[in-house]
Amino acid sequence: MKIAFTGASSTGKTTLAKAIEEKLLIKYINVDSRKIIDDLNHSNIDNLNEQEFLEFQKIWLSEKLINESSTDKFITDRTYIDAIAYMCNRNINNFELFNNYIKNMDVYDLIFYLPTGRIPFLDDGYRTKDEEANKNVDNLILELLEKNSIKYYKVDISDFASSLEYIVDIVGNADEK
């Protein structure tokens with residue numbers, strides 16, 4: 001079972017992924033975006049220029065492909081669609097990279113979409129603080145999911161315990177099939 005969360009920044013993807021890991025004993029894997037930003041000598045994703053942002057995305061894709069091909073059962077807190085949405089939000093149109101991202105979406109058995117505004121924004125110093133950009137990324141993620149006919153489950157419950165229960169039920173039902 002390969003499970004992924006998609007959504008803009010600060011929607012609870014990592015928190016829920018780690019809770020699922022603990023509850024269902026499914027390995028949580030991710031690409032450490034903060035480390036990539038640090039390695040590019042920046043402290044915040046908003047500080048990356050277009051070339052650096054594109055380099056960030058290429059490093060992220062490469063690491064994600066390696067991490068996700070190393071196991072057949074995992075949970076992750078970001079999908080390839082997220083990366084496309086963030087690039088589109090910055091008006092970066094690298095169609096070769098987009099096609100690579102889209103074709104890799106079929107690796108996931110279950111995708112959970114967490115909309116912006118579901119929980120309060122948490123400033124960690126790395127993610128964008130631009131609320132308008134977050135809303136735009138959120139809209140782009142939904143548009144990309146729909147346009148590419150990618151099946152997903154919307155988690156618009158603000159209560160953590162209820163969100164976790166909803167996800168666990170869907171995962172359990174999928175495991176039974």
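For the structure, see preceding data.
Here goes a summary of the coordinates provided. Just so it is clear, the model here is predicted, and its values are computed rather than measured. (Residues numbered from 1 in each chain as written. Predicted model: local features only at pLDDT ≥ 70, side-chain atom pairs only at ≥ 80, totals over all residues. Heavy atoms only, no water.)

1. Observations regarding the pairing of strand β3 (residues 110-113)
Residues L110 and F112 line one face of β3 and the alternating positions I111 and Y113 line the opposite face, and both faces are buried. Relative to β3, strand β1 (residues 2-6) is paired through four bridges, and the arrangement is parallel. Bridging across to β3, T6 finds its partner in Y113. Both β3 and strand β4 (residues 153-154) contribute to a ladder of two bridges, which runs parallel. Opposite F112, over in β4, you have Y153 as the bridge partner. (Buried < 20%, exposed > 50% of the residue type's maximum accessible area, 1.4 Å probe, protein only. Helix = DSSP H or I, 4+ residues; strand = E, 2+ residues; numbered from the N terminus. Pairing = 2+ DSSP bridges.)

2. Thoughts on helix α6 (residues 131-147)
Over its 17 residues, α6 extends 24 Å from the first C-alpha to the last, a length consistent with the 24 Å expected when each residue adds 1.5 Å. Listed as buried for α6 are A133, N134, V137, D138, L140, I141, L144 and L145. When α6 is viewed along its axis, its buried side chains cluster within an angular range of 165° and face the same direction. Relative to its buried face, α6 has exposed residues pointing more than 90 degrees away, namely E131, E132, E146 and K147. On the buried face of α6, the contacting elements are β1, α4 (80-89) and β3. One or two steps after α6, the chain reaches S149, where phi turns positive at roughly 50°. (Expected span 1.5 Å × (residues − 1). Arc of directions from axis to C-beta. Contact = heavy atoms within 4.5 Å.)

3. Observations regarding the packing of helix α3 (residues 50-69) against α4
At a closest axis distance of 11 Å, the pairing of α3 and α4 adopts a crossing angle of 175°. Taken together, the axis directions place α3 and α4 in an arrangement best described as roughly antiparallel. Where α3 abuts α4, its residues F53, L54, Q57, W60, L61, K64, L65 and E68 lie against Y80, A83, Y86 and M87. Of the residues assigned to the contact of α3 with α4, the class counts are nine nonpolar, one polar and two charged. (Axes fitted to C-alpha atoms, helices over the stretch in contact; angles between N-to-C directions. Parallel < 35°, antiparallel > 145°, perpendicular 65-115°, else oblique. Nonpolar A, V, L, I, M, F, W, Y, C, P; charged D, E, K, R; others polar.)

4. Some details on the packing of aromatic side chains
In total, this model carries nine aromatic pairs according to the counting rule given. Ring plane angle 65° and centroid distance 6.0 Å describe the contact between W60 and Y101, whose orientation is recorded as edge-to-face. Here the residue W60 occupies a position in helix α3, and Y101 occupies one in helix α5 (residues 95-103), the gap between them amounting to 41 residues. With respect to class, W60 is no different from Y101; both count as buried. Judged by centre distance (6.0 Å) and plane angle (35°), the rings of Y80 and Y101 are tilted. Of this pair, Y80 sits in helix α4 while Y101 sits in helix α5, and the two are 21 residues apart along the sequence. Taking relative accessible area as the criterion, Y80 reaches 1% and is therefore assigned buried. Three or more aromatic residues joined by ring pairs form one cluster here, namely W60, F74, Y80, Y101 and Y108. In this arrangement the basic side chain of K64 is found over the ring face of Y80, its NZ or CZ atom lying 5.6 Å from the centre. (Phe/Tyr/Trp six-rings, centres within 6.5 Å; stacked < 30°, edge-to-face > 60°. Lys NZ or Arg CZ within 6 Å of the ring centre and 35° of its normal.)

5. As for the nonpolar core
F53, M87, Y101 and M105 are the most contacted members of the largest nonpolar core, which has 35 residues in total. Among the elements of the structure, α2 (33-39), α3, α4, α5, β3 and α6 are those that each provide at least two residues to this core. Looking at this core, the element that brings in the most residues is α4, giving seven residues. Those residues in contact with F53, other than ones at most four positions away along the chain, are I45, L48, Y86, M87, R90 and I92. With 19 residues, the next largest nonpolar core counts I3, L110, V155 and V168 among its residues. (Core = buried A, V, L, I, M, F, W, Y, C linked by side-chain atoms within 4.5 Å.)

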